[in-house]
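Notes for the structure review
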Amino acid sequence: MRLTALPMVAVLALAACGERTDAPAPSAAETVSATEPASDAAPAAPVLLTAADLRRVCRAGLAAIHGQTIEVMQVDGVEGEVVNLSWAAPVDGGRRRALCRVEGDLITWRPADAADPEQARWMNQSGDPAVRFVLDGEAITINTTLPDGTTATEQYAVAAEQEAR
């Protein structure tokens with residue numbers, strides 16, 4: 001009986017060790033890129049956007065993120081690689097503002113007028129959704145992956161001449 005109990009206690013003790021949990025959880029973007037299948041093909045070239053395409057992608061991305069139509073998303077300006085956008089706040093009629101940038105096929109954003117300094121950060125950390133885009137002519141597909149793994153896809157049509165206004 002003693003000989004059987006000792007190995008059982010050892011097995012239970014080793015099973016309780018498990019992995020350490022003090023490491024930060026991977027962000028949704030890290031999780032998505034880690035689950036992409038490996039390929040023997042040459043790696044895809046990085047996405048290079050013109051200024052007009054950058055504005056189009058940011059309009060579509062923030063429309064998807066904030067549940068708005070693309071028509072209400074207004075580009076207020078571009079500073080380098082960062083697009084300033086605003087749209088009518090649906091609740092109080094004021095204006096919401098955000099900054100948007102694109103890194104590869106990943107759209108990141110941050111609120112431009114957040115009162116809380118913790119919320120005035122780029123939304124690219126663990127616990128933030130990963131928002132990716134595919135640009136195909138006038139069609140922009142926005143793929144959002146939430147931290148729990150659920151996904152949503154939205155498609156928008158934004159003609160380049162619309163951006164010239």
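Look a little higher up for the structure.
Please read all numbers here as calculations on a predicted model, not as lab measurements. (Residues numbered from 1 in each chain as written. Predicted model: local features only at pLDDT ≥ 70, side-chain atom pairs only at ≥ 80, totals over all residues. Heavy atoms only, no water.)

1. Thoughts on the environment of A52
Selection criterion: Think of it this way: any DSSP run of H or I at least four residues long counts as a helix, any run of E at least two long counts as a strand, and we number them from the N terminus.
With respect to the secondary-structure elements, A52 resides in helix α3 (residues 51–66). Taking C-alpha positions, A52 is 9.7 Å from A159, a pair spaced 107 residues apart along the chain.

2. Side note on the pairing of strand β1 (residues 74–79)
Note the threshold: Between any two strands, pairing holds if DSSP finds at least two bridges.
Judged from the five bridges that link them, β1 and strand β2 (residues 82–88) form a sheet pairing that is antiparallel. The partner of V75 across the bridge, within β2, is L85. Linking β1 back to β2 in an antiparallel pair, the connection comprises two residues, with G80 at a positive phi of about 65 degrees.

3. Some thoughts on the sheet that holds strand β4 (residues 106–111)
Selection criterion: A fitted line through C-alpha atoms serves as each axis, taken over the contacting stretch for helices, and the angle formed by two N-to-C directions is quoted from 0 to 180°. Contact definition: two residues touch when any of their heavy atoms are within 4.5 Å.
One open sheet accounts for seven strands, arranged β1-β2-β3-β4-β5-β6-β7; its pairing is antiparallel. Edge positions in the sheet fall to β1 and β7 (151–157), since each has one partner strand and no second. On average, each strand axis in the sheet is inclined to that of its neighbour by 30 degrees, with strand direction left out of account. α3 rests against β1, β2, β3 (95–103), β4, β5 (130–136), β6 (139–145) and β7 of the sheet, and its axis sits at about 120 degrees to β3.

4. With respect to the side chain of T141
This is how the line gets drawn: For every residue, the accessible area (1.4 Å probe, protein chains only) is compared with the maximum for its type, and the residue is labelled buried under 20%, exposed over 50%, or partly exposed between those bounds.
Note that T141 resides in strand β6. Judged by its relative accessible area of 18%, T141 is buried. Beyond its immediate stretch of four places on either side in the chain, T141 contacts R132, F133, V134, T153, E154 and Q155.

5. Observations concerning the pattern of salt bridges
Defined as follows: The rule for a salt bridge is simple: a side-chain nitrogen of Lys or Arg has to be within 4 Å of a carboxyl oxygen of Asp or Glu.
Counted under the stated rule, the structure contains five salt bridges. Note that R56 and D53 form a salt bridge whose closest N and O atoms lie 2.7 Å from each other. Residue R56 and its partner D53 are located together in helix α3, separated by three residues, close to a single helical turn. D53 shares its class with R56; the two are buried. Put simply, R97 and D76 hold a salt bridge, and the shortest N to O gap is 3.8 Å. Of this pair, R97 sits in strand β3 while D76 sits in strand β1, and the two are 21 residues apart along the sequence.

6. Some points on the packing of aromatic side chains
Under the convention used in this document: Here a Phe, Tyr or Trp ring, Trp counted by its six-membered ring, pairs with any other such ring whose centre lies within 6.5 Å, and the pair is stacked when the planes are under 30 degrees apart, edge-to-face when over 60, and tilted otherwise. For a ring to carry a charge above it, either NZ of a lysine or CZ of an arginine must fall within 6 Å of the ring centroid while also lying within 35 degrees of the normal to the ring plane.
As enumerated under the stated definition, the model contains zero aromatic pairs in all. In this structure, R101 is placed above the aromatic ring of W122, and the distance from its NZ or CZ to the ring centre is 3.9 Å. Here R110 stacks its cationic end above the ring of W122, 5.7 Å away from the centre of that ring.

7. Observations concerning the pairing of β7
Pairing of β6 with β7, which is carried by seven bridges, proceeds in the antiparallel orientation. Considered in β7, the bridge of A139 is made with A157. If you look at the hairpin formed by β6 and β7, you'll find five residues sitting between the two strands, and G149 has a positive phi there, around 100 degrees.

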